[in-house]
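Residue-level structural notes
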Amino acid sequence: MISIRNIVKQYADHRALDNVSIEIDLGKVFGLLGPNGAGKTSLIRIINQITAPDSGEILFNGEKLGEEHISRIGYLPEERGLYKKMEIGEQILYFAQLKGLSRKDATTRAKYWFQKMEIGGWWNKKVEDLSKGMQQKVQFVSTVLHEPELLILDEPFSGFDPVNAELIKNEILELNKKGATIIFSTHRMESVEELCDSIALLNLSHKILDGKVKNIRNNYRTGTYVLKYDGDAMAASATQPFSILSDIEMDGGRELTLRINTGSKVNDVLHYMLPIATIHGLEEIVPTMNEIFIQTVSKAH
Amino acid sequence: MHKIWLIIQREYLSRVKKKSFLIMTFLAPVLFIGMFGLIGYLVAKQNDLGDKKTIEVVDESGMFTNKLRNGSNIEYSYSKDTYAAAKAAFAKSNYSYLLYVPASLSGVQLYSEKKASALTIQNIETELSDIAQTSRLLTAGIDTAVLAKARKPITLEARQITEAGEKDAQTYVAYAIGFISAMLIYMSLLIYGSQVMRGVIEEKVSRVVEVIISSVKPFQLMMGKIIGIGMVGLTQFILWIVLSLILSTVAGTALMHNSTPPMAAQVAHVQGASPHAAAVAASQTPDGAMAKIMQSVESIPVTYTICCFLFYFLFGYMLYSAVFALVGSAVDNETETQQFMLPITLPLIFTFVISMNFVINNPDSSLSVWLSMIPFTSPIAMMIRIPFGVPAWQLALSALFLILGFLFTTWVASRIYRVGILMYGKKASYKEIVKWFRYKE
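Description of the structure in this document. As the structure is a prediction and not an experimental result, all values here were calculated from the model.

What about the overall build of chain B?
The helix and strand inventory of chain B stands at 18 helices and six strands. Sequence-distant contacts in chain B: of pairs separated by 6 or more residues, those separated by 24 or more amount to 69%. Carbon and sulfur atoms form 67% of the exposed surface of chain B, whose accessible area is close to 24200 Å².

Remarks on a nonpolar patch on the surface
All names here are of chain B. Together, L22, I23, F26, L27, V30, L31 and L243 make up an exposed nonpolar region whose accessible area comes to about 640 Å². For the nonpolar patch, the element with the highest residue contribution is helix 2 (residues 19-44), accounting for six residues. Looking at where I23 falls in the secondary structure, it is placed in helix 2. For I23, a relative accessible area of 48% corresponds to the partly exposed category.

Regarding the state of the cysteines
All names here are of chain B. Enumeration over the complete set of coordinates arrives at zero disulfides over all chains. Here C307 stays unpaired: no disulfide links it, and the sulfur of C308, its closest cysteine neighbor, is 7.0 Å away. Assessed through its relative accessible area of 8%, C308 is described here as buried.

Let's talk about the interface of chain B and chain A
Taken residue by residue, the interface counts 23 residues in chain B and 27 residues in chain A. Both faces considered, chain B and chain A share a buried interface measuring about 2500 Å² in area, 58% of it formed by carbon and sulfur atoms. Considering only the surface of chain B that becomes buried against chain A, B:R10, B:E210 and B:S214 emerge as the three largest contributors, covering 22% of it. Where chain B meets chain A, there are three salt bridges. For the salt bridge of A:R45 with B:E210, the shortest nitrogen-to-oxygen distance reads 3.2 Å.

Details of the pattern of salt bridges
Within the structure shown, the criterion is met by 28 salt bridges over all chains. Between A:K169 and A:E166 there is a salt bridge, with the nearest N and O atoms lying 3.4 Å from each other. Of this pair, A:K169 and A:E166 both sit in helix 5 (residues 162-177), separated by three residues, roughly a single helical turn. The exposure class of A:K169 is buried, given its relative accessible area of 10%. In this structure, the salt-bridge partner of A:E190 is A:R188, at a minimum N-O distance of 3.7 Å. Residue A:R188 is classed as partly exposed on the basis of its relative accessible area of 37%. Ionic contacts of the salt-bridge type, sharing partners, join the residues B:R10, B:E11, B:R15, B:E203 and B:K225 into one network.

Details of unusual backbone geometry
Residues and elements named next belong to chain A. Here Q49, not a glycine, exhibits a phi torsion of approximately 60°, which is positive. Here Q49 is to be found in the loop between helix 1 (40-47) and strand 4 (55-60). For Q49, a relative accessible area of 27% corresponds to the partly exposed category. Look at S205: it is not a glycine, yet its phi comes out positive at around 70°. Residue position: S205 is located in the loop between strand 9 (198-203) and strand 10 (206-212).

A word on the side chain of A:Q91
All names here are of chain A. Following the sequence through the fold, Q91 ends up in helix 2 (residues 88-98). Given a relative accessible area of 1%, Q91 falls into the buried group. Non-local contacts of Q91, meaning those with residues more than four positions away in its chain, are made with L82, Y83, M86 and V127.

As for empty space enclosed by the protein
Left-over empty space is what a probe sized like a water molecule reveals as it rolls over the atoms. Taken as a whole and judged by the stated rule, the model has one cavity of 30 Å³ or more. Its boundaries defined by the atoms lining it, the largest cavity holds a volume of some 80 Å³. In terms of lining residues, the largest cavity is bounded by A:G74, A:Y75, A:F95, A:A96, A:K99, A:S142, A:T143, A:H146, B:V211, B:S214 and B:S215. Of all the secondary-structure elements, those providing two or more residues to the lining of the largest cavity are strand 6 (73-76), helix 2 and helix 4 (132-144) of chain A. Taken together, the residues of the lining of the largest cavity sort by class into four nonpolar, six polar and one charged.

Digging into the pairing of strand 3 (residues 97-101) of chain B
Residue and element names in this part refer to chain B. Burial runs high along strand 3: five of the five residues are buried. Residues Y97, L99 and V101 line one face of strand 3 and the alternating positions L98 and Y100 line the opposite face, and both faces are buried. Sheet analysis places strand 1 (residues 53-59) next to strand 3, joined by five bridges and oriented parallel. In the strand pairing of strand 3, V57 is matched with L99.

Quick look at helix 5 of chain A
Residues and elements named next belong to chain A. The end-to-end C-alpha separation of helix 5 is 22 Å, in line with the 22 Å expected for 16 residues at 1.5 Å each. Where helix 5 begins, the capping side chain belongs to D161, and its oxygen is found 3.0 Å from the backbone nitrogen of V163. Just past helix 5, the residue G179 takes up positive phi, approximately 120°.

Notes on the environment of B:I386
Residues and elements named next belong to chain B. Its place among the elements puts I386 in the loop between helix 16 (378-385) and helix 17 (392-420). Classification of I386 as buried rests on a relative accessible area of 3%. Along the chain, I386 and L110 lie 276 residues apart, while their C-alpha atoms are 49 Å from each other.

Details of the nonpolar core
Counting residues in each nonpolar core, the largest one holds 155 residues, and the members touching the most others are A:I4, A:I22, A:L32, A:L150, B:Y317 and B:W436. When residues in this core are grouped by element, the largest group, 16 residues, is from helix 13 (residues 302-330) of chain B. Grouped together as the second largest cluster of nonpolar side chains are 13 residues, B:L99, B:V101, B:I131 and B:A132 included.

Thresholds applied
- Residues numbered from 1 in each chain as written.
- Chains lettered and ligands numbered in written order.
- Predicted model: local features only at pLDDT ≥ 70, side-chain atom pairs only at ≥ 80, totals over all residues.
- Heavy atoms only, no water.
- Helix = DSSP H or I, 4+ residues; strand = E, 2+ residues; numbered from the N terminus.
- Contact = heavy atoms within 4.5 Å.
- Areas by Shrake-Rupley, 256 points an atom, 1.4 Å probe, with all protein chains shown as cover.
- Patch = residues over 30% accessible without salt bridge, like charges linked within 9 Å, V, L, I, M, F, W, Y side chains within 5 Å.
- Salt bridge = Lys/Arg side-chain N within 4 Å of Asp/Glu carboxyl O.
- Buried < 20%, exposed > 50% of the residue type's maximum accessible area, 1.4 Å probe, protein only.
- Disulfide = S-S within 2.5 Å.
- Buried area = accessible area lost by both parts, 1.4 Å probe.
- 1 Å grid on protein atoms, 1.4 Å probe; cavity = no way out; pocket = protein on both sides within 12 Å on 5 of 7 lines; lining within 4 Å.
- Points joined across faces, edges and corners; volume = space filled by probe spheres on them.
- Nonpolar A, V, L, I, M, F, W, Y, C, P; charged D, E, K, R; others polar.
- Pairing = 2+ DSSP bridges.
- Expected span 1.5 Å × (residues − 1).
- Polar contact = N/O pair within 3.5 Å; in protein donor to acceptor, adjacent residues only side chain to side chain.
- Core = buried A, V, L, I, M, F, W, Y, C linked by side-chain atoms within 4.5 Å.

Below is the structure:
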């Protein structure tokens, strides 16, 4: 859907993006991650054609990204903004028309979305009379009204209460199900794991990690397991196929956190443990995206 | 093109629909006329508005006793005391001034506790000189009747003579029109220009700009805003012009009805006798004077003047508002605009002051011609010159320069604007702005 190829963006005294290449597949939810100042906003602005790269190119469905693609992209910036003194209905229609929708089509769709987002009665209200959450809903509607094939959402859940965040999340997933590709920029790693198929991690103007979320997490597995058992505390021994990270008394039993030695398997652990303890459970600790994020970024520094 | 039109529409409608637009359109002229009326009234009445001043006169010459005319706030009273006695008692007396005229008339003195005002000194001097002159002439044996005749003032009638023929110069009408149109242009450049600036700041502060420029080019947004607000200004001016044409027609008709006999005589004069005689006849009666003004107003090429005015307003506005937009894009809030406002307001104020004081009195001097050519000064300077008559080639050249100036300023402004609107929380300096200008897209 989107091929970002060798993008370089130079500002007077610093390079915001240095030879960044990313592939985003059609119909997927793609997470664009990175600490503040990594270059996420610069990249998003380039995809939105707000600014142009110094070198490199972007392909939209195989075509070179150009003006004709503007109406096929929907953008929700991190810093939300609406005209404070303008009635929200009128405002939605204005944004939709700027994206190339006819006034009539825009009105029909806006009415539908207002109903759906439970803001139907607010059509003639000015933005300044609305609550923050309500403004966010209006902004979201204006982003999706022209049914973009590519949705770029920068921190879409900030400013929403948990109920409305859930509502927005479901809308995003529904749009994705209908075929929209979604680029999703966020710091909230739990939502990355929940929503994203693939991610790219930017740090200090470079892409330092990308791929499918599942694969990345697999790659970062360390062979760490938690074993719940009844019995005496484990003592380290040379014959163990694992090393003990911790072993603590839990209500009614013990919990052993272990790391399997290279060359050994989970079954070896069980073989070793079965004769000496009653096993209640065994679970692998796969690193969360949050841990991977922190680990990768701090390693890069 | 379609998108820029949408932006123009929004900028225009969101302002015209406001109640304040209607109120300003109809109230501003009333306030203005009221303000000028009040200033005129106060200036005319400055003699009456001051406190009453009593002047004790010690007249050793005897020439002035009981002859000085009391003004509306000056009252003379004549003292029988000697100069020395009056002077000694003055500090304790209730008089504001003590006027001493020695027998020789040289060394006339005016004493007062506080400093005497220039106006008072002038009034008394005129009064004394008048009386002294008359009395000297009378002493020389000149008859009062001859004197009265000799004193009759001469009024000058300025006329223009060109290849096309002869006509009234109507300098005062040209003066008034030049003054009013330059004033209007000056104010509207500032008012609508800063509206553009505020609009840009509003979009930047509310961050709405990021959403919009993901749909349109920054240049389109800037031009749409400038044109939209310019159309608001144009609407306002056209409403004012239509309104004042209606009012003056109504007033003219009313005047015609009220003063039928003199007007009829006047018309007869104009048609029959020479225009010179008509003008003399006209200046003799107050109604005639009014008619003369009406007549001169009718003789101005109204359409030509209005067209020039609208042209210079529109392009002058677009030139300046591009710079205003630049400033708006460089700052984060309105208070930060101060440091950048000076380079905009300075040429405006300079032109305005020099136009009102120099160009209006010397419309054809080379400085005036230069000022009416430079794009940043021409909207005001040229509008002052137009009622006095400007050669067509100068008008064409000035218009061309203004259009070129507008294109250039817009180009520069848009390069800075496109970067500035996305710069949040960065303190803009002139150096920074030059850097933005050099950014590639």
